[in-house]
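Below, each chain spelled out in residue letters.
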Amino acid sequence: METRILPYWFLIFTIGFGWFSLAPLVPVLENYFGVPLSSILFIISAYGYSMAILGLLAGFLSAKFTTRSVLLISSILSFIGLLGRALSNDFSTFFLFAIIASLAYPLAIAPVGSIAKSIFKGRTNTVVGISVGILFIGMALGSFFSPSILSFIGLRGTLLLTAILALIAMVLIIPLLRSYPSHYERSLKGSFNPGMVKNWYVGLAVASISVMFGSISSVILQIHGVVTLLAVSMGGFLTGLSFLGSGLGAIILPSLLENRLRLGLILTGLLTFFSAITAVISISFTVNFPLIALGYFLFGFFGNAYWSMAMASTTLYVNDPAKAGFATSMYSVITNVGVSVIPVTIGVLFNDNSTIAEGVIIVVIIEFIAALLSFFLKS
């Protein structure tokens, strides 16, 4: 594996870490700034909206100019946003800089196809998988460790740590950007192929249900009679566990199945379906925490591997790195549109015992279709 990809991976890690280090700190931030819960939650979800809004622009810029310029802008915005976030004394300033930091996410992730296909010809599946996996590892570690960091160095120190990591990422990536390829076809004609729509559905189905599982876990545990504080703690653990599984799955499985893409797509598609059934049925109808935790971890592990391989599959519809970046950008955008819609519309069904079964049926259908499509994705 070429070392010039390492600064890019570190940048992605710091974005994920800085993003979800906020998740366990929501009550602290709520009290510190004196704002309602919804305001803090919106900041966390802003990364998804940034991808939905700017993902195509990021892919377009990487195609029409270079991935160098896009990654440079991403690293600068991440550092400025996270530093400003850490130094903010009022919520309006904190909100502004948090939004700036969120812009780094689509700029770094959306054009991953260009980076993978131009630097590692023949290993696109592996590189895309590792890249996505590292983002989720960063999110998991941010979620797991920020409460402990908070207890040692306080809120401002915790936020400053994320800015320091972003600074290191910027310092590391700038000198290596000139070694990234910059000369390839600039035309975007042929970037879209109708066959990609199948891949889009898979990305949307896996990512949106994964986010929904994280958002409903505490609520369902409360419905089952678990006291609020314990339900919140258990829900946070389940979310972090799902992210950890997502990171490991995306890193391990696509690389193992690089030369057996069709087998990999079918295998991960089917295992994603079965793990989704385990997760949704166990959380909806039991309080068996080990079984629920297993379902969440496995859905993250197999689901994100399937998501990553379906993303890499979109690059097979195009011929050059520029178009590959735009192809993966379109995939990322559709995925995040699903994330912004499905958890809200379907997640409410899990808020009442009378509608939980309906929600379970819908989730099973969504994931069954995604598994079925694994037999027809381009490989």
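The name given to the protein chain in an unreviewed UniProt entry is Putative MFS-type transporter, with the source organism recorded as Saccharolobus shibatae. Regarding the protein chain, the relevant UniProt record gives this comment under Subcellular location (unreviewed entry): "Cell membrane".

A. Fine view of the overall build of the protein chain. Regarding its fold elements, the protein chain presents 14 helices and zero strands. Split into buried and exposed, the 379 residues of the protein chain put 58% on the buried side. Residue pairs at least 24 apart in sequence account for 85% of intrachain contacts in the protein chain once pairs closer than 6 positions are excluded. Summing over all exposed atoms, the protein chain offers an accessible surface of approximately 14500 Å²; the carbon and sulfur share of this is 74%.

B. Structural view of the side chain of Asn199. Positionally, Asn199 belongs in helix α9 (residues 196–223). The buried category is assigned to Asn199, whose relative accessible area is 0%. In this structure, Asn199 is in contact with Ala310, Ser313, Thr314, Tyr317, Tyr331 and Leu377, ignoring residues within four places of it in sequence.

C. Spatial organisation of the nonpolar core. The biggest cluster of nonpolar side chains holds 80 residues, and the ones touching the most others in it are Tyr8, Leu29, Phe94 and Tyr105. The leading source of residues in this core is helix α8 (residues 124–176), at 19 residues. Core analysis: the next-biggest nonpolar cluster, separate from the first, contains 30 residues, Val226, Ala231, Tyr296 and Ala370 among them.

D. How the structure looks around the environment of Leu82. Its place among the elements puts Leu82 in helix α4 (residues 67–87). Spatially, the C-alpha atoms of Leu82 and Leu159 are 7.3 Å apart, while their sequence positions differ by 77 residues. Filtering out sequence-adjacent residues up to four positions away, Leu82 remains in contact with Tyr47, Ala101, Leu159, Thr162, Ala163 and Ala166.

E. Structural context of helix α1 (residues 6–20). Look at α1: 21 Å from first C-alpha to last across 15 residues, which is about the 21 Å you get at 1.5 Å a residue. In terms of burial, α1 is a largely internal element, 13 of the 15 residues being buried.

F. Geometry of a nonpolar patch on the surface. On the surface, Leu270, Phe274, Ile361, Ile365, Phe368, Ile369, Leu372, Phe375 and Phe376 cluster together to form a nonpolar patch covering roughly 850 Å² of accessible area. Within the residue set of the nonpolar patch, elements represented by two or more residues are α11 (261–285) and α14 (356–373). Per-element accounting of the nonpolar patch gives the leading share, five residues, to α14. As for its position among the elements, Phe375 is in the segment after α14.

G. Geometry of the packing of aromatic side chains. A full pass over the atoms with the stated rule returns 20 aromatic pairs. The interplanar angle of 45° and the centroid separation of 6.1 Å between the aromatic rings of Phe91 and Phe95 together place this pair among those described as tilted. On the criterion of helical spacing, the pair formed by Phe91 and Phe95 is a turn pair, its members being four residues apart in helix α5 (residues 91–102). Taking relative accessible area as the criterion, Phe95 reaches 29% and is therefore assigned partly exposed. Look at Phe297 and Phe301: their rings are 6.1 Å apart centre to centre, the planes differ by 20°, and that puts the pair in the stacked class. Highlighted residues: Phe297 and Phe301, both in helix α12 (residues 289–314), separated by four residues, approximately one helical turn. When its relative accessible area of 23% is taken as the criterion, Phe297 is described as partly exposed. Judged by relative accessible area, which is 14%, Phe301 ranks as buried. These aromatic residues form a ring-pair network of at least three members: Trp19, Phe20, Tyr105, Phe136 and Phe243. A cation sits over an aromatic face here: Lys378 above Tyr317, 5.7 Å from the ring centre.

What counts as what
Residues numbered from 1 in each chain as written. Predicted model: local features only at pLDDT ≥ 70, side-chain atom pairs only at ≥ 80, totals over all residues. Heavy atoms only, no water. UniProt positions renumbered as here; feature names shortened; annotations may be inferred. Helix = DSSP H or I, 4+ residues; strand = E, 2+ residues; numbered from the N terminus. Buried < 20%, exposed > 50% of the residue type's maximum accessible area, 1.4 Å probe, protein only. Contact = heavy atoms within 4.5 Å. Areas by Shrake-Rupley, 256 points an atom, 1.4 Å probe, with all protein chains shown as cover. Core = buried A, V, L, I, M, F, W, Y, C linked by side-chain atoms within 4.5 Å. Expected span 1.5 Å × (residues − 1). Patch = residues over 30% accessible without salt bridge, like charges linked within 9 Å, V, L, I, M, F, W, Y side chains within 5 Å. Salt bridge = Lys/Arg side-chain N within 4 Å of Asp/Glu carboxyl O. Phe/Tyr/Trp six-rings, centres within 6.5 Å; stacked < 30°, edge-to-face > 60°. Lys NZ or Arg CZ within 6 Å of the ring centre and 35° of its normal.

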